[in-house]
Amino acid sequence: MGLRQFVIDAWSWLNYKPVMAHAGRLGGRAFPELAASWLPPHELRRLAAYKVLAAYDNNQAGQLAAASGDEAALERRELGDAASLVDTALGYLLGSEQKITVEDAEHADEESPKPGSTEAAAAQERLRKWAEKELLTLRIQQAERAAVLLGDSVLVLAWNPEKQRPTLRVYDPGFFFPQWEDEDSDFPTRVHLAWELPEDPDGLKARVRRVTYELGPISEGDESLVREYPWEPGRPSNMTCYLTDAEWLLEDLKRGETLERLPMDKAAFRVRPDGTELNRLDLMIDFVPVVHITNTIPDGGEHWGRSAIARVLQGLDELAATDSDGSAASATTGTPIIGLAGARLPVNRVTGKPEQLKVEAGAVWQLGDSGRMDALDTSPQLAELRARVEHLLDRIASNSRVTAAGLGTLDASEVPSGYALKLALGPLDALVGAMRLAREHKYRLLFKFVQRLCQAGRAEGWTAGESFPARLSWAPHTPTDRAAVLEEVVQAYGAGVLSLETAVAMLMDAGYPIKDASQEVARIRARAEQEAAARVAEAAAVRGAQGEHGDENEDSEHEGTRGGARETGERERELVKARAET
């Protein structure tokens with residue numbers, strides 16, 4: 001049977017699945033919801049890919065195959081290997097913590113701070129307070145798991161007048177429909193978030209909801225009308241972002257009325273608590289507050305990411321099939337098939353036919369003089385299947401770049417040294433580096449939007465001016481040799497090739513419990529100065545007791561002061577080591 005249609009796109013790795021075999025003709029038994037008339041045809045493959053990946057994550061790949069016509073797939077054993085791989089990759093991506101950092105904020109507490117560092121430190125503190133109130137760590141977990149599993153995730157910001165801060169929400173990427181006027185542009189000028197609402201038991205009919213963010217002129221009647229935004233003082237702009245939130249009854253939609261062509265005369269617009277109708281509401285900002293996160297760096301001409309399990313799905317299928325075969329083999333090994341010859345079988349008195357014997361503990365079978373019993377030994381086949389499972393796990397770990405060492409399946413006795421383990425983790429390091437690189441700009445954009453919404457809402461502490469460059473800092477994804485880092489820091493700082501600030505920063509990166517580098521530096525210096533002053537005072541008291549007077553005494557005090565200054569630097573180095581060890 002020949003291939004009916006050969007498709008190469010961002011989801012070609014799923015073409016081996018029957019549900020993806022016919023581009024643009026999805027739905028039916030597997031995904032009936034994709035047959036909705038309002039869905040754009042060019043989005044169907046992406047939505048189908050999300051559903052296939054979600055099925056693997058929930059141990060429903062067999063049910064999906066059965067819905068496509070393979071009834072035998074219902075017997076497939078799925079033991080959570082796909083979800084485990086996703087969670088492992090997510091754990092390495094996130095590290096132990098995430099922290100907002102603003103450029104130059106670390107120099108605010110220096111004796112001669114850089115220009116603007118004090119303002120940067122204040123902005124960093126305000127962003128961290130916002131992150132704490134808005135549960136940013138939880139939102140990142142939600143968004144990143146979707147991105148690692150599905151390849152994409154969506155974050156949406158909105159100004160909340162009651163809370164006086166921007167709120168952050170995570171949306172399913174299956175609800176995300178961006179519209180690019182130019183395929184070469186970095187960001188879409190119109191974004192739809194759309195999904196179906198099922199029929200309500202109270203009588204509401206099935207409907208589709210669409211939330212639209214769109215950039216356009218401030219006044220359609222007068223394009224010369226401009227506005228000056230607080231984040232770009234002195235630069236008038238004639239653009240603003242409009243919000244529309246409406247619903248349509250599914251029964252009112254005709255064929256051809258897709259997401260972009262929904263009839264506005266049949267729309268029911270939502271209303272805010274203050275009574276404002278959400279029909280092209282001017283948000284008073286000149287950007288779309290939606291951030292699309294991709295798990296990987298998209299290929300040229302593409303906008304979508306790729307799942308962490310995309311290229312090993314067939315390996316996961318093989319693993320599930322081998323587990324199923326192993327389960328069947330273990331049944332015949334634990335309760336073997338036995339052949340009897342010359343045995344007297346009990347007869348059923350009702351039917352008159354011999355009854356089937358059961359292999360169970362305590363069973364006694366009477367055999368004749370020439371009787372024989374043979375058991376079918378399937379243990380060699382079971383051993384082969386177990387070996388194949390190990391082979392498939394190694395293959396999946398290698399091809400996904402999570403590695404056997406990253407999955408924790410590598411035997412520690414097989415690693416001759418720490419350097420060998422570092423080499424074994426090399427592909428994982430590259431994977432995590434690429435995943436974090438794909439997100440670097442998106443989180444910078446998110447924090448820029450947060451600052452601009454605070455400025456637009458006139459939140460406390462936020463004044464007019466350009467946004468501060470803020471980023472999301474990730475903790476190391478693999479364990480760090482803290483003892484080696486400590487020794488390196490002490491030696492380098494003692495030799496004078498590292499500043500105290502850099503030394504403390506290195507200890508923080510190694511995982512030492514230091515919450516704020518600038519405060520830690522200030523504490524170390526204050527303690528060193530106190531101890532040096534105490535030593536100078538003690539030396540002066542001893543000399544006074546010995547009866548030293550006049551110029552000789554004065555010279556000794558100056559010498560003691562110079563000695564105390566020298567001791568201060570040495571004491572700082574000792575304190576760095578002592579605080580790190582505790």
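Scroll up for the structure.
Each value, and the rule that gives it
Along each chain, residues carry numbers from 1 onward, in the same order as the chain's sequence is written. In keeping with the model being predicted, local features are shown solely for residues with a pLDDT of at least 70 and side-chain atom pairs are shown and tallied solely at 80 or more, while totals for entire chains, interfaces and linings include all residues. With hydrogens and water stripped out, all remaining heavy atoms of the structure feed into the side-chain values. A run of H or I in DSSP becomes a helix once it reaches four residues, and a run of E becomes a strand once it reaches two; helices and strands are each numbered from the N terminus. Relative accessibility under 20% of the residue-type maximum defines a buried residue, over 50% an exposed one, and the middle range a partly exposed one, all with a 1.4 Å probe and only protein chains included. Each accessible area is a Shrake-Rupley result for a 1.4 Å probe, and residues are judged covered by the shown protein chains and nothing else. Buried Ala, Val, Leu, Ile, Met, Phe, Trp, Tyr and Cys residues form a nonpolar core when they are joined through side-chain atoms within 4.5 Å. Residue contacts are counted whenever heavy atoms from the two residues lie within 4.5 Å of one another. What qualifies as a polar contact is a pair of N or O atoms within 3.5 Å, subject to a donor-acceptor requirement within protein and to the restriction that residues adjacent in sequence count only when both atoms come from side chains. Only protein atoms enter the 1 Å grid used here, on which a cavity is any set of points holding a 1.4 Å probe that cannot leave and a pocket is any open set flanked by protein within 12 Å on both sides along at least five of seven lines; residues with an atom within 4 Å of a point are listed as lining. Grid points are joined across faces, edges and corners, and a volume is the space filled by probe spheres set on the points. Think of it as three bins: nonpolar holds Ala, Val, Leu, Ile, Met, Phe, Trp, Tyr, Cys and Pro, charged holds Asp, Glu, Lys and Arg, and polar takes everything else, Gly as well.

A. Molecular detail of the overall build of the chain. Check the secondary structure of the chain and you find 14 helices and 13 strands. Put simply, the chain has 582 residues, and 40% of those count as buried. As displayed, the chain offers around 32,500 Å² of accessible surface, 50% of which is attributable to carbon and sulfur atoms.

B. Region of interest: the nonpolar core. Judged by nonpolar contacts, the single largest core of 108 residues is most densely connected at Trp38, Tyr213, Ile309, Tyr443 and Phe447. Here this core takes twelve residues from helix H10 (residues 426-456), the largest share from any one element. With near-sequence residues (within four places) excluded, Phe447 lies in contact with Ile100, Trp130, Leu136, Ala470, Arg471 and Leu472.

C. Just the side chain of Thr212, in detail. Take Thr212: it is sitting in strand E6 (residues 207-217). Classification of Thr212 by relative accessible area gives buried; the value is 5%. A polar contact is formed between the side chain of Thr212 and the side chain of His192, at a distance of 2.8 Å. When neighbours within four sequence positions are excluded, Thr212 is seen to be in contact with Arg190, Val191, His192, Tyr242, Leu243 and Thr244.

D. Quick look at the layout of surface pockets. Taken as a whole, the largest pocket encloses approximately 1,500 Å³ of empty space. Around the largest pocket, the lining comprises 50 residues; the ones closest to its centre are Lys99, Thr101, Arg128, Met508 and Lys515. Of all the elements in the fold, those that place two or more residues in the lining of the largest pocket are strand E1 (98-102), helix H4 (117-133), helix H5 (136-150), strand E13 (470-474), helix H12 (500-509) and helix H13 (517-545). Taken together, the residues of the lining of the largest pocket sort by class into 22 nonpolar, 13 polar and 15 charged. As a volume, the second largest pocket reaches approximately 1,100 Å³. Residue lining of the second largest pocket: 32 residues in total, with Ala158, Trp159, Pro161, Leu243 and Arg272 positioned closest to the centre. If you list the elements that add at least two residues to the lining of the second largest pocket, you get strand E2 (152-160), strand E3 (165-171), strand E5 (190-197), E6, strand E7 (239-249), strand E9 (281-282) and H10. The class makeup of the residues in the lining of the second largest pocket is 21 nonpolar, three polar and eight charged.

E. Up close: empty space enclosed by the protein. Summed over all chains, the structure comprises one cavity of 30 Å³ or more. By volume, the largest cavity amounts to about 120 Å³. Where the lining of the largest cavity is concerned, the elements lending two or more residues are helix H3 (81-94) and helix H6 (313-334). Counting residues per element, the lining of the largest cavity draws most heavily on H6, which supplies four residues. Of the residues belonging to the lining of the largest cavity, the class tally is six nonpolar, two polar and six charged.

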